[in-house]
Amino acid sequence: MRQMTYSEAMAIGIQEALAEDERVVLMGAGFGGLRGDPAVWSPLRENFRDRITNPPIAELGYCGIAVGAALTGLRPIVAIGTGSFSFEAFPQIANEAPQAHYGTRGQVTCPVVFHMRAGIRGAGALQHSIAPQAMYWNTPGLEICVPGSPADVRGLIKAAVRSDNPTIFIDHERLHPVVGDVDESGGDVPLGVADVKREGSDVTIVATSIMVPRALEAAATLADQGTDAEVVDPRTLVPLDKDAILRSVAKTGRVVVADETQRSCGVASEIAATIAEEGFESLRAPIRRVAIPNVPIPYHQAEEDYITPTAGRIVEAVQEICR
Amino acid sequence: MRQMTYSEAMAIGIQEALAEDERVVLMGAGFGGLRGDPAVWSPLRENFRDRITNPPIAELGYCGIAVGAALTGLRPIVAIGTGSFSFEAFPQIANEAPQAHYGTRGQVTCPVVFHMRAGIRGAGALQHSIAPQAMYWNTPGLEICVPGSPADVRGLIKAAVRSDNPTIFIDHERLHPVVGDVDESGGDVPLGVADVKREGSDVTIVATSIMVPRALEAAATLADQGTDAEVVDPRTLVPLDKDAILRSVAKTGRVVVADETQRSCGVASEIAATIAEEGFESLRAPIRRVAIPNVPIPYHQAEEDYITPTAGRIVEAVQEICR
Amino acid sequence: MTTAGPAVDTLKDALHRMMLIRRVEEQVIDLATSFDDLIRGHYHVYIGQEATGVGACMALGPDDYMFTTHRNHGHVIARGGEPGPVIAEIIGRTTGYNMGRGGTFHVIAKHLGVLQTSAVVAGGVPMAAGAAFSIKRRGTDQVSLVFFGDGVLEEGAFHEALNMSSLWNLPLIMMCENNSVHPEGRRQGEQPSSSFAATQLADVARAMNVETHVVDGGDAREVAALLTGLVGRTREGEGPFFIESRLTRWPGNRGQFPELIGGPHQMAWTWDPGTADERLQDWLANADPVSLLCRSLVEEGAMTRAEVEEIDATARQEAEEAREFALSSPIPSPESAMDHIFA
Amino acid sequence: MTTAGPAVDTLKDALHRMMLIRRVEEQVIDLATSFDDLIRGHYHVYIGQEATGVGACMALGPDDYMFTTHRNHGHVIARGGEPGPVIAEIIGRTTGYNMGRGGTFHVIAKHLGVLQTSAVVAGGVPMAAGAAFSIKRRGTDQVSLVFFGDGVLEEGAFHEALNMSSLWNLPLIMMCENNSVHPEGRRQGEQPSSSFAATQLADVARAMNVETHVVDGGDAREVAALLTGLVGRTREGEGPFFIESRLTRWPGNRGQFPELIGGPHQMAWTWDPGTADERLQDWLANADPVSLLCRSLVEEGAMTRAEVEEIDATARQEAEEAREFALSSPIPSPESAMDHIFA
Ligand SMILES: Cc1ncc(C[n+]2csc(CCOP(=O)(O)OP(=O)(O)O)c2C)c(N)n1
Ligand SMILES: Cc1ncc(C[n+]2csc(CCOP(=O)(O)OP(=O)(O)O)c2C)c(N)n1
Ligand SMILES: [Mg+2]
Ligand SMILES: [Mg+2]
């Protein structure tokens, strides 16, 4: 067990995936983020130089190349960079990769991982702050990982690479410096298994990705106020560990869903709708969503902070439904 | 008041929009659908020949051209055709058009209409059956029209063209032959105003686009069984007439949301989540979604029908929550 | 360019494949127009392009990859696909190559190296480049060949894949079937397009430092000879290559629903096109690759007219049997729609 | 190509604009590095490319459209933008051109015909073609000019827009700033790129039947002369045009966060580059458009060294005032984030 940053844990996970299977290749090397720590990322770049291809600025083309490579025996991890750049590659990510296995009734597989940094990173402004995971969740046939802790990012990247399905792997610039315990001898984190990051009895907070540390912070504040919150981190959206969420709601009867995608048709909407459909009998209060309001992302910090779903917003939402 | 098909009403609406304002231009002419009735569509093509540009197969390029044209004084309607072809143009539709007004704090406008035929049309199979409106709803700054009747399609296309905002206009191949009354002297259908297509007191069915006729069919069946369903058609997703939906739910206490997008993070999820958040106190039963299960669209009719959200599925869902 | 063409036996096989494609496509059109519910949407047939598909596939080996488009029926048969499973797929039967899951847009045939069939214009080119990328990485001597229409050059995806194929020297053969060419333009000179600004389609590939070739898509031998050379060079580490096959669109191939103008193909037209429907005559005389191959084989004395007709009769019968096979095959169960979403 | 260059007065104005850009960008770097919270993400400066922006914008009229990129600060000032609102936008103040909404990525300036600034690589090119489309449809004699980097040619969007511009003969000037060129390559000969397969960037545009030009981006006069000619021809109905401006990247412009290597620009370096930081020397001697213009004006006797230094002093002061203006301007209120989502 060692303390490390999210960024380091991801670099280690990717290296382990490369070391375990020589079919794994990297398309692009922009995992480290804008201010990515070179100490953490350069070993990967050096040890696996021959497994890394640096493509031109051609997201649609190189994601398509990754799909083709995945169909023919490789297991590419594609580093798309900023989440909205994946829009350029949408036709291949959403309209080729997820259809291959289904379209052949299981004859072929497309084991590709599309890695992107999503969400409000600080001054990303209008076009560099978008979190597209909800759009991909609306696309059947894609697995989606949204790790919110160092241990999870390491374990999930390995599981994503090992999976025979196309996988969207979402990381968040603001998670990179987050520190946590990682069991270096540990294996994959299985897809589809939620993690109760904090047990509690008064209210459930379902949180993903960057919202996991924020939810834990909110839970600490709430504890001081006498409210005992349970924090459930699904860790993967597809497959979704619905049971874990419903189990927690059955226990608490109250739920806030916290997610940093835009509100309408966002990740929080899907989780809320699922609970309203299958956990209704347990509910004793409205389901609150803490998400980005339906607004593009502004540049200035004052405005950006205003629309960011923070720990404070989670606390407020919990207070509203726990009155 | 005249009876006409959805297809004819749309052609009339577009012609009216062209006649009213010479800044309106058409990019592409694929409105009629695959088996579009030439009697209905050729007058448009002939009367406004000089206002129609037939672009190459370059969705990203020509949607970008439409955005640029909208920024500089034209009001383009772009006929993208099949909804999934809009994926090719995602960077311009989702990451340029909706940011222009917001990014300049209101100094510029981008009055473009992106028209597409979405949904399960019959043998569209894996790549030609996708309904992307939920993805666009997750993109702030876009208006979204989902007309489900001849009168609405005519009135909404005119309102969409007149609007200064970028608008996604969703039509559905299977709506084209649907017949309804259209008041030819009538004007626009305002954006953001729901229409109660059928009044009822036992249960609310919220339905959009192709699900509107299906919901009405379901309501008729339910009436025979003694259940009086109210059918609320939001007509536009953005702006959403939340009040009309909540008002109906307050009356009935029970709701089924019917929509032909894929289930996860779909249109039905957003409406359900909104009701679970703001209409919770009225609810007397779980909110049921009738949508496409999370599966790509198969080719054969047996399988395709199996996953299509039909009137029958709506009836079943209502029965479940009205027990 | 007809030098070093394939031997006569090989040509007989090629003619048989071409005939088979034509006869199968006729069955497809007949099924689509005779039944309301077999092929419910639009579909595309390969009639008139048979020489390109067959000529190119003759050059491929069993381990090579092939990518195709919305116009895939013919490519899959050219690659060695059996007509029964092809028609069964097109009408959605469990005996189809994808057990009716993909239909006309997505005939995929894993055992033939056809791993995903995109019906999105230009969808296949990046994937084919990816297969080539994977070949290079794995160090095999396979080849990745992609067929696509002239419209693909209008899509940005093509240009991105072209750039990377060229930069990375990928073992990729890009076979562009330009079916917008008039018979005269097919063999020589410039041909304008209303939707692409280059004088010649190959100009763009050449600008990207890719070796380009133009071939007469009416001439199976020319295609086969060219491709045999290029496939060999690709295995040696050359590549990518861009080929424009110039084709004249079959007159039945207009709009979104093909039409069997003048009925099914008559072998008599080969020697007397004047007896065919007027809209077909010029095409049969100057552009139809099947008629052109039959005529030249007989003129050269390589085959008799009777032998040619026998090959056609065989193909015809195979197509009819394939139709029966498909029609008598079971349809998928409704619930099977939920199978195989994830591996 | 330096024939028919601009008159001396115009050149003085040009030099002033170029200096102003340089001095403003220096302030931007200083603000980014001195304060933690003013420019929180990465940003891009225009140092070293001033001659292209200014030379091109000199040729434009007040009603023309200009589209730019992530590297927009300099373009907006070249087009006549005031340094105060530009810096204010970059650090997010309500006195910025978009009242702090867009920041460094999205300096938009409606009154200058800059209507949307895309920070997406190749995002601006289709929109600029759309402005040209609209000009043509509305029948005005405006021109649409788009600046973009060499990387844009790697994106499919560029190729789609190029095709349509050429097909439809749009009044569009595509100004590609290739900042990956070594000084020798800037004026002549081939220049390879690790990420684009064409020998010359212009080859692809030429293949699409677009008239292309290569210009030395170190030479403001050459750029201005070329653009004046092309803008005139565009107004007459010619176009589109593709220009490659060959630039040598300023050594401070590596990575995602620019660095003022050796401190702010010293006018003394112009005459004695050897006194500058070693990494800068070659660039100052052979590639810096500001130094090159200053030296040639003085050598030709068009200006004295003192006059040149005075222009710089003015620009420097304007940039400092702009910085103060921006720093003392109010920040947006948090709730204003919800304004102007829809018209
Ligand atoms: C991205 C996309 N846009 C539009 C279409 C609709 N479409 C199907 S086939 C076709 C024409 C393709 O032309 P070409 O590539 O020359 O092939 P051909 O049909 O002539 O063989 C079009 C536009 C599509 N399938 N995909
Ligand atoms: C679609 C997209 N992909 C990637 C990026 C990230 N990015 C920003 S600038 C840049 C390099 C652009 O190079 P070039 O066009 O030559 O412009 P330069 O910065 O050299 O002026 C990249 C890759 C982006 N902004 N948009
Ligand atoms: Mg074609
Ligand atoms: Mg560059």
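Residues numbered from 1 in each chain as written. Chains lettered and ligands numbered in written order. Predicted model: local features only at pLDDT ≥ 70, side-chain atom pairs only at ≥ 80, totals over all residues. Heavy atoms only, no water.

Peer 1: What's the story with the overall build of chain A in this structure? I'm lost.
Peer 2: The number of helices and strands found in chain A is 12 helices and 14 strands. Against the compact-globule benchmark of 20 Å for 323 residues, chain A has a radius of gyration of 19 Å, which places it among compact chains. With respect to the principal axes defined by its C-alpha atoms, chain A has extents near 60 × 45 × 40 Å. Buried positions account for 73% of the 323 residues belonging to chain A. For chain A, the accessible surface area stands at approximately 8600 Å², while carbon and sulfur atoms represent 46% of it. Where the 28 positive side-chain charges of chain A centre and where its 41 negative ones centre are 1 Å apart. (Helix = DSSP H or I, 4+ residues; strand = E, 2+ residues; numbered from the N terminus. Rg over C-alpha atoms; globule rule 2.2 N^0.38 Å. Buried < 20%, exposed > 50% of the residue type's maximum accessible area, 1.4 Å probe, protein only. Areas by Shrake-Rupley, 256 points an atom, 1.4 Å probe, with all protein chains shown as cover. Lys, Arg positive; Asp, Glu negative; His and termini not counted. Charge placed at Lys NZ, Arg CZ, Asp CG, Glu CD.)

Peer 1: Looking at this structure, I do not really get the relation of the copies chain C and chain D. What am I missing?
Peer 2: Think of it as a corkscrew move, a rotation about one axis and a shift along it, taking one chain copy to the other. If you rotate chain C by 180° and push it 0.0 Å along the axis, it lands on chain D with an RMSD of 0.0 Å. Both chain copies can therefore be described as sitting about a two-fold axis. Judged by C-alpha distance, Gly156 of chain C is the residue of chain C that lies nearest the rotation axis, at 1.7 Å. Both copies present the same face, since 100% of the interface residues in chain C are matched by interface residues at the equivalent positions in chain D. (Least-squares fit on C-alpha atoms with pLDDT ≥ 70 in both. Contact = heavy atoms within 4.5 Å.)

Peer 1: For this particular structure, what's the right way to read the site of ligand 1?
Peer 2: Inspection of the region around ligand 1 gives 17 residues, with Glu59 of chain B together with His70, Arg71, Asp150 and Asn179 of chain C positioned closest. Looking at the residues close to ligand 1, they fall on chains B and C. Within the backbone of Ala119 of chain C, an N or O atom sits 2.9 Å from a nitrogen atom of ligand 1. Here ligand 1 has 580 Å² of accessible area as a free molecule, and 83% of this is covered by the chains. (Near = heavy atom within 4 Å. Polar contact = N/O pair within 3.5 Å; in protein donor to acceptor, adjacent residues only side chain to side chain.)

Peer 1: So what exactly am I meant to see when it comes to the site of ligand 2 here?
Peer 2: Taken together, 17 residues are adjacent to ligand 2, and Glu59 of chain A together with His70, Arg71, Gly151 and Asn179 of chain D come closest. What surrounds ligand 2 is not a single chain but chains A and D. Within the backbone of Gly151 of chain D, an N or O atom sits 2.8 Å from an oxygen atom of ligand 2. With respect to ligand 2, the side chain of Arg249 of chain D contributes an N or O atom lying 3.0 Å from an oxygen atom. Within the complex, the protein chains bury 83% of what would otherwise be the 580 Å² of accessible surface of ligand 2. Residue classes in the shell around ligand 2 are distributed as six nonpolar, five polar and six charged. (Nonpolar A, V, L, I, M, F, W, Y, C, P; charged D, E, K, R; others polar.)

Peer 1: What should I look at first to understand the domain arrangement of chain A in this one?
Peer 2: When the parts come together, some accessible area is lost, and that loss is often what is quoted as the size of the interface. All names here are of chain A. Along its sequence, chain A is carved into domain 1 (2–182) and domain 2 (195–321). Relative to domain 2, the C-alpha centre of domain 1 lies at a distance of 25 Å. Between domain 1 and domain 2, a total of about 2300 Å² is buried, with carbon and sulfur atoms accounting for 65% of that surface. In terms of surface lost to domain 2, no three residues of domain 1 exceed Ile120, Trp137 and Val146, which account for 31% of the buried area on that side. At the boundary of domain 1 and domain 2, one finds three salt bridges. Of all the secondary-structure elements, those providing two or more residues to the side of domain 1 that touches domain 2 are helix 6 (133–137), strand 6 (143–145) and helix 7 (150–162). (Domains from an automatic or database assignment. Buried area = accessible area lost by both parts, 1.4 Å probe. Salt bridge = Lys/Arg side-chain N within 4 Å of Asp/Glu carboxyl O.)

Peer 1: Just checking my understanding: could you explain the relation of the copies chain A and chain B for this structure?
Peer 2: Note on the identical chains: chain A maps onto chain B by a rotation of 180° and an axial translation of 0.0 Å, with an RMSD of 0.0 Å. An overlap of 100% is found between the interface residues of chain A and their copies at the interface of chain B, pointing to a shared contact surface.

Peer 1: In this structure, what is going on with the coordination of the magnesium ion (ligand 4)? I would like to understand it.
Peer 2: Ideal geometry at a metal gives 109.5 degrees between four tetrahedral donors and either 90 or 180 degrees between six octahedral ones. The protein atoms that coordinate the magnesium ion (ligand 4) are Asp150 of chain D (OD) and Asn179 of chain D (OD1), at distances of 2.1 to 2.2 Å. With Asp150 of chain D in the loop between strand 2 (144–149) and helix 6 (156–167) and Asn179 of chain D in the loop between strand 3 (172–178) and helix 7 (183–187), the pair connects residues that are 29 residues apart, well separated along the chain. (Donors = N, O, S within 2.8 Å, 3.2 Å for Na, K, Ca; no water.)

Peer 1: Explain the interface of chain A and chain B here, please?
Peer 2: Contact with chain A, which involves 51 residues of that partner, is made by 51 residues of chain B. Counting across the interface, chain A meets chain B through eight salt bridges. With its nearest N and O atoms 2.7 Å apart, the salt bridge here joins Glu277 of chain A to Arg263 of chain B. Across the chain A-chain B interface, the total number found is 28 residue pairs in polar contact (both at pLDDT 80 or more). Listing elements by their share of the side of chain A that touches chain B, those giving two or more residues are helix 4 (90–95), helix 5 (97–103), helix 6, helix 10 (267–278) and strand 14 (288–292) of chain A. Considering each element in turn, the side of chain A that touches chain B owes the most residues, eight residues, to helix 10 of chain A. Across the side of chain A that touches chain B, the residue classes tally to 27 nonpolar, 13 polar and 11 charged.

Peer 1: What exactly am I supposed to notice about the pattern of salt bridges here?
Peer 2: A pair can form between side chains of opposite charge whenever their charged atoms are brought close. Overall, the coordinates contain 84 salt bridges over all chains when judged by the stated rule. Between Arg198 of chain A and Asp228 of chain A there is a salt bridge whose closest N-O contact spans 3.0 Å. Of this pair, Arg198 of chain A sits in strand 9 (residues 195–198) while Asp228 of chain A sits in the loop between helix 8 (211–224) and strand 11 (229–233), and the two are 30 residues apart along the sequence. Take Arg198 of chain A: its relative accessible area is 24%, and that puts it in the partly exposed class. We note a salt bridge from Arg288 of chain B to Glu320 of chain B, for which the minimum N-O separation is 2.6 Å. Here Arg288 of chain B, found in strand 14 (residues 288–292), pairs with Glu320 of chain B, found in helix 12 (residues 311–321); they are 32 residues apart in sequence, far enough to count as distant.

Peer 1: Just to check I follow, could you spell out helix 8 of chain A for this structure?
Peer 2: One turn of an α-helix holds 3.6 residues; hence residues three or four places apart share an orientation. Residue and element names in this part refer to chain A. The end-to-end C-alpha distance of helix 8, which contains 14 residues, comes to 20 Å, matching closely the 20 Å that a straight helix rising 1.5 Å per residue would cover. All of the buried residues in helix 8 are Met211, Val212, Arg214, Ala215, Ala218, Ala219 and Leu222. Taken around the axis of helix 8, the buried residues stretch over an arc of 155°, which confines them to a single face. Turning to helix 8, the residues buried within the fold contact strand 9, strand 10 (203–207), strand 11, strand 13 (255–262) and helix 12 (311–321). Within two residues after helix 8, Gly226 carries a phi angle of roughly 90°, on the positive side. (Expected span 1.5 Å × (residues − 1). Arc of directions from axis to C-beta.)

Peer 1: What's the story with the state of the cysteines in this structure? I'm lost.
Peer 2: Linking two cysteines covalently via their sulfur atoms produces the bond known as a disulfide. By the definition in use, this model includes zero disulfides over all chains. Considering cysteine sulfurs only, Cys265 of chain B is the nearest to Cys265 of chain A, which forms no disulfide, with 7.3 Å between them. A relative accessible area of 1% places Cys265 of chain A in the buried class. Free of any disulfide, Cys57 of chain D has its nearest cysteine sulfur in Cys176 of chain D, 16 Å distant. (Disulfide = S-S within 2.5 Å.)

Peer 1: Can you help me understand the packing of helix 1 (residues 8–34) of chain C against helix 13 (residues 305–327) of chain C in this one?
Peer 2: To characterise two packed helices, one gives the angle between the axes of the helices and the distance between these axes. Residue and element names in this part refer to chain C. It is at 8 Å that the axes of helix 1 and helix 13 come closest, and there the two elements cross at 40°. It follows from the interaxial angle that helix 1 and helix 13 lie oblique. In the crossing of helix 1 with helix 13, the sense of the turn from one axis to the other is right-handed. Contacts between helix 1 and helix 13 involve Lys12, Leu15, His16, Met19, Leu20, Arg23, Val24, Gln27, Asp30 and Leu31 from the first element and Glu307, Val308, Ile311, Asp312, Thr314, Ala315, Arg316, Glu318, Ala319, Glu320, Arg323 and Leu327 from the second. Its residues placed into classes, the contact of helix 1 with helix 13 shows 10 nonpolar, three polar and nine charged. (Axes fitted to C-alpha atoms, helices over the stretch in contact; angles between N-to-C directions. Parallel < 35°, antiparallel > 145°, perpendicular 65-115°, else oblique. Left-handed = near helix turned anticlockwise from the far one by under 90°.)

Peer 1: Before we go on, may I ask you to explain the interface of chain C and chain D in this structure?
Peer 2: With 20 residues of chain C at the contact, the number on the chain D side is 20 residues. With both sides pooled, the region where chain C packs onto chain D buries about 1500 Å², and carbon together with sulfur makes up 56% of that total. Counting the contacts that link chain C with chain D gives zero salt bridges. Along the contact surface separating chain C from chain D lie 11 residue pairs in polar contact (both at pLDDT 80 or more). Of all the secondary-structure elements, those providing two or more residues to the side of chain C that touches chain D are helix 6 (156–167) and helix 8 (202–207) of chain C.

Peer 1: I'm lost on the nonpolar core in this one. Help?
Peer 2: Counting residues in hydrophobic clusters, the biggest one holds 196 residues, and the most contacted among them are Phe114 of chain A, Phe114 of chain B, Phe148 and Phe242 of chain C together with Phe148 and Phe242 of chain D. Discounting chain neighbours no more than four positions away, the residues touching Phe242 of chain D are Phe148, Leu153, Phe158, Met174, Cys176, Leu201, Ala202, Ala205, Val210, Glu211, Thr212 and His213 of chain D. (Core = buried A, V, L, I, M, F, W, Y, C linked by side-chain atoms within 4.5 Å.)

Peer 1: Honestly, the packing of helix 9 (residues 242–252) of chain B against helix 10 (residues 267–278) of chain B in this entry has me stumped. Any pointers?
Peer 2: Residue and element names in this part refer to chain B. The interhelical angle for the contact between helix 9 and helix 10, taken along N-to-C directions, is 65°, at an axis separation of 11 Å. Note that helix 9 runs across helix 10; the crossing there is right-handed. Touching Lys242, Ile245, Leu246 and Val249 of helix 9 are Ile271, Thr274, Ile275 and Glu278, all from helix 10. Of the residues belonging to the contact of helix 9 with helix 10, the class tally is five nonpolar, one polar and two charged.

Peer 1: In this structure, what is going on with unusual backbone geometry? I would like to understand it.
Peer 2: In this chain, Gly239 of chain C is followed by Pro240 of chain C through a cis amide linkage whose omega measures 5°. Structurally, Pro240 of chain C can be placed in the loop between helix 9 (220–235) and strand 5 (241–246). One non-glycine residue, Arg235 of chain B, adopts positive backbone phi at about 65°. Within the fold, Arg235 of chain B resides in the loop between strand 11 (229–233) and strand 12 (236–238). With a relative accessible area of 10%, Arg235 of chain B lands in the buried category.

Peer 1: Quick question: what am I supposed to make of the sheet that holds strand 4 (residues 211–216) of chain C here?
Peer 2: In sheet architecture, strand pairing relies on hydrogen bonds along the backbone and comes in two forms, parallel and antiparallel. Residue and element names in this part refer to chain C. Strand order in the open sheet formed by five strands is 1-2-3-5-4, and the pairing between neighbours is parallel. In this open sheet, the two strands that pair with only one neighbour each are strand 1 (65–67) and strand 4. Averaged over all pairs of adjacent strands, the angle between their axes in this sheet comes to 20°, without regard to strand direction. In this sheet, strand 5 lies alongside strand 4 in parallel orientation, the contact comprising six bridges. Note on strand 5: the bridge partner recorded for Asp216 is Arg246. (Pairing = 2+ DSSP bridges.)

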